[in-house]
Amino acid sequence: MYPLAERTKQIAPFHAVELLKTAQQLQNAGHDIISLGIGEPDFTAPSAVVQALQAASNQGLSQYTSPLGLPALRKAISQYYQQQFGAQLHPDRILVTTGASAALNLACLAVINPGDEILMPDPSYPANQNFVFAAGGVPKLIPCNAQQRYQLSARDVARHWGPTTKGLLIASPSNPTGTSLPHDELKAIIEEVRRRQGFIIMDEIYLGLYYEQSPRSALTLDDDILIINSFSKYFQMTGWRLGWMIMPEAHRPAIERMAASLAICAPSLAQHAALACFEPSTLALYEERRLTLKARRDYLLPALEDLGFSIPVKPDGAFYIYADIRAFDKDSQRFAHRLLHEAHVVAVPGLDFGPVHAAHMLRFSYATPLPRLEQAIERMRVFLKTYSAAEAQLAQQA
């Protein structure tokens, strides 16, 4: 058999997938599994969006759009960014993509040359490394601690920037931590990167799911950042595969040319349906759902602490809590597997998100209705009363 390309060896697996497979097997066997593992909203697209899809389908609006996407949708995204995140931008700078994944892929292909080193925080979403690898780049994970909210700092940039470093790939709010970069720290980071003539790819996928003050886009600090966003999380359209990139005007011709060849366009019916996301009544519903997620966070965080988990940083966005399990065990893989098999609760061990905190951290997702969160807490309360790390280790060895 002919050999596969070397890049296939660089693509890291998502270890949580195996845990979720086991959870599904237990579910199929009749066990009631509560998943606090999946990074997907339990809400789905509002009825107005579904009706818009049906109307577009009935009208035959399923042909290719321009590579940039529907002009009306790009205009709606531009207005949304101005009204919600304080960023002024022309619709022509927006490229509608097949999910945020396609936007990340295009962004990396546009600015990364083979051998370029890209700085990223540890912990961070594992697939982001794979986009860098696919473009021929070399991701460099920088250990980030709770004192810096598990985010890169300007000091990190200055300390770790090397001769082959070309830029950063960062997210705010972040997966798995749910933490955001303070605006003053982000400004300092941008200054350090610009001083070195580098680039920033900024993941703002969870920016709409922010729970403290009014969120601001990184574009309010620098107009040349490559911004990635999506209809999956805040707009709850995960399987619709629709996202967007905001690009500097100078990059638009080249990136549009790539998009035309590599993707032709994002799904046209999904684009027509997404226009309904920006209707006032739909935005009001999304705001209700955001507050529902906030209420879940405000329940789950103290409930986990009451059980004995340590939450080093309070998450201010997304729908994740990054919890320290060292009060119970020093092996998050073992702990997560026992939690699944004995309490029938899914949480994601830290291994996928980087090596520094892998052994002692779990990611809990609260994209689950509040009654199920309450059930999960009670199951864990019973589970932890009898949990012994030493016994777990012996069982594992046996």
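Note that the coordinates shown come from a computational prediction; the quantities given were computed from them, not determined experimentally. (Residues numbered from 1 in each chain as written. Predicted model: local features only at pLDDT ≥ 70, side-chain atom pairs only at ≥ 80, totals over all residues. Heavy atoms only, no water.)

## Topic: the overall build of the protein
Per the secondary structure count, the protein includes 14 helices and 12 strands. For a compact globule of 398 residues, the expected C-alpha radius of gyration is about 21 Å, and the protein comes in at 21 Å, within 12% of that figure. Each of the three principal axes of the protein carries a C-alpha extent, and together these read 60 × 55 × 55 Å. Counting over 398 residues, the protein shows a buried share of 54%. Excluding contacts between residues fewer than 6 apart, the proportion of contacts in the protein whose partners are at least 24 apart in sequence is 74%. When the accessible surface of the protein is split by element, carbon and sulfur atoms take 52% of a total near 17100 Å². (Helix = DSSP H or I, 4+ residues; strand = E, 2+ residues; numbered from the N terminus. Rg over C-alpha atoms; globule rule 2.2 N^0.38 Å. Buried < 20%, exposed > 50% of the residue type's maximum accessible area, 1.4 Å probe, protein only. Contact = heavy atoms within 4.5 Å. Areas by Shrake-Rupley, 256 points an atom, 1.4 Å probe, with all protein chains shown as cover.)

## Remarks on the layout of surface pockets
The space that makes up the largest pocket amounts to roughly 550 Å³. As for the largest pocket, its lining consists of 29 residues, and the residues nearest its centre are G39, Y125, N175, Y206 and K233. Elements that contribute at least two residues to the lining of the largest pocket include exactly α2 (16-28), α5 (99-111) and α6 (127-134). Grouping the amino acids of the lining of the largest pocket by side-chain chemistry returns 15 nonpolar, nine polar and five charged. Taken as a whole, the second largest pocket spans an internal volume of roughly 250 Å³. Contributing to the lining of the second largest pocket are 18 residues, with S180, L181, H183, Y210 and R216 lying nearest its centre. Among the residues forming the lining of the second largest pocket, the class breakdown is nine nonpolar, six polar and three charged. (1 Å grid on protein atoms, 1.4 Å probe; cavity = no way out; pocket = protein on both sides within 12 Å on 5 of 7 lines; lining within 4 Å. Points joined across faces, edges and corners; volume = space filled by probe spheres on them. Nonpolar A, V, L, I, M, F, W, Y, C, P; charged D, E, K, R; others polar.)

## Focus: the UniProt feature "domain: Aminotransferase class I/classII large" (unreviewed entry) in the protein
What UniProt calls "domain: Aminotransferase class I/classII large" (unreviewed entry) maps, in this numbering, to residues 32-379. Between the C-alpha atoms that bound residues 32-379 there is a distance of 11 Å. The span itself is 39% helix and 15% strand. (UniProt positions renumbered as here; feature names shortened; annotations may be inferred.)

## Notes on the sheet that holds strand β2 (residues 94-97)
Strands sit in the order β2-β8-β7-β6-β5-β3-β4 across an open sheet of seven strands; the sheet is mixed. Looking at the sheet topology across the chains shown, the edges are occupied by β2 and β4 (138-143). When strand polarity is set aside, the average angle formed by the axes of neighbouring strands in this sheet is 20°. Judged from the four bridges that link them, β2 and strand β8 (residues 243-246) form a sheet pairing that is antiparallel. Bridge pairing in β8 places T97 opposite G243. Sitting on the sheet, α5 touches β2, β5 (165-171), β6 (199-203), β7 (226-230) and β8, and the angle it makes with β7 is about 165°. (Pairing = 2+ DSSP bridges. Axes fitted to C-alpha atoms, helices over the stretch in contact; angles between N-to-C directions.)

## A closer look at the packing of aromatic side chains
In total, this model carries 26 aromatic pairs according to the counting rule given. Among the aromatic side chains, those forming a connected cluster through ring pairs are Y80, Y81, F85, F231, Y234, F235, W244, F278 and Y286. (Phe/Tyr/Trp six-rings, centres within 6.5 Å; stacked < 30°, edge-to-face > 60°.)

## As for the packing of helix α11 (residues 280-307) against helix α13 (residues 370-385)
Where α11 meets α13, the axes come as close as 11 Å, and the angle between the chain directions of the two elements is 5°. Looking at the two axes, α11 sits roughly parallel to α13. When α11 is examined against α13, the residues R296, Y299, L300, A303, L304, D306 and L307 are found in contact with a partner set consisting of L370, L373, E374, I377, M380, R381 and L384. Partitioning the contact of α11 with α13 into residue classes produces 10 nonpolar, no polar and four charged. (Parallel < 35°, antiparallel > 145°, perpendicular 65-115°, else oblique.)

## Here's the deal with helix α3 (residues 47-58)
Taking 1.5 Å as the rise per residue, α3 with 12 residues should run 16 Å; its terminal C-alpha atoms sit 16 Å apart, in good agreement. A positive backbone phi angle near 75° is found at G60, which sits one or two residues after α3. (Expected span 1.5 Å × (residues − 1).)

## Considering the pattern of salt bridges
Considering all chains together, one arrives at 23 salt bridges under this definition. A salt bridge links D222 to R194, with the nearest nitrogen and oxygen atoms 2.9 Å apart. Highlighted residues: D222 in the loop between β6 and β7 and R194 in helix α8 (residues 183-195), separated in sequence by 28 residues. When its relative accessible area of 28% is taken as the criterion, R194 is described as partly exposed. One salt bridge connects R334 with D329, and the closest N-O pair in it is separated by 2.5 Å. Among the residues examined, R334 registers a relative accessible area of 11% and is labelled buried. Its relative accessible area of 4% is what places D329 among the buried residues. (Salt bridge = Lys/Arg side-chain N within 4 Å of Asp/Glu carboxyl O.)

## Remarks on empty space enclosed by the protein
The final tally for this structure, using the stated rule, is two cavities of 30 Å³ or more. The computed volume of the largest cavity comes to approximately 70 Å³. For the largest cavity, the lining is made up of 13 residues, of which P121, S124, I170, A171 and S174 are closest to its centre. Those elements that provide at least two residues to the lining of the largest cavity are β3 (117-122) and β5. Top element by residues in the lining of the largest cavity is β5. It accounts for three residues. A per-class count over the lining of the largest cavity returns eight nonpolar, five polar and no charged. Approximately 60 Å³ is the volume attributed to the second largest cavity. Lining the second largest cavity, in full, are P67, L95, V96, T97, T98, A102, L106, A259, A263, I264, C265 and A266. Looking at the lining of the second largest cavity, the elements with two or more residues in it are β2 and α5. With three residues, β2 is the single largest residue contributor to the lining of the second largest cavity.

## Examining the environment of A323
Inspection of the secondary structure assignment puts A323 in strand β9 (residues 320-324). Taking the relative accessible area as the measure of exposure, A323 reaches 0% and is therefore buried. Separated by 37 residues in sequence, A323 and H360 place their C-alpha atoms 8.3 Å apart. Apart from the residues within four sequence positions on either side, A323 is in contact with F309, S310, I311, H360, M361, L362 and F364.

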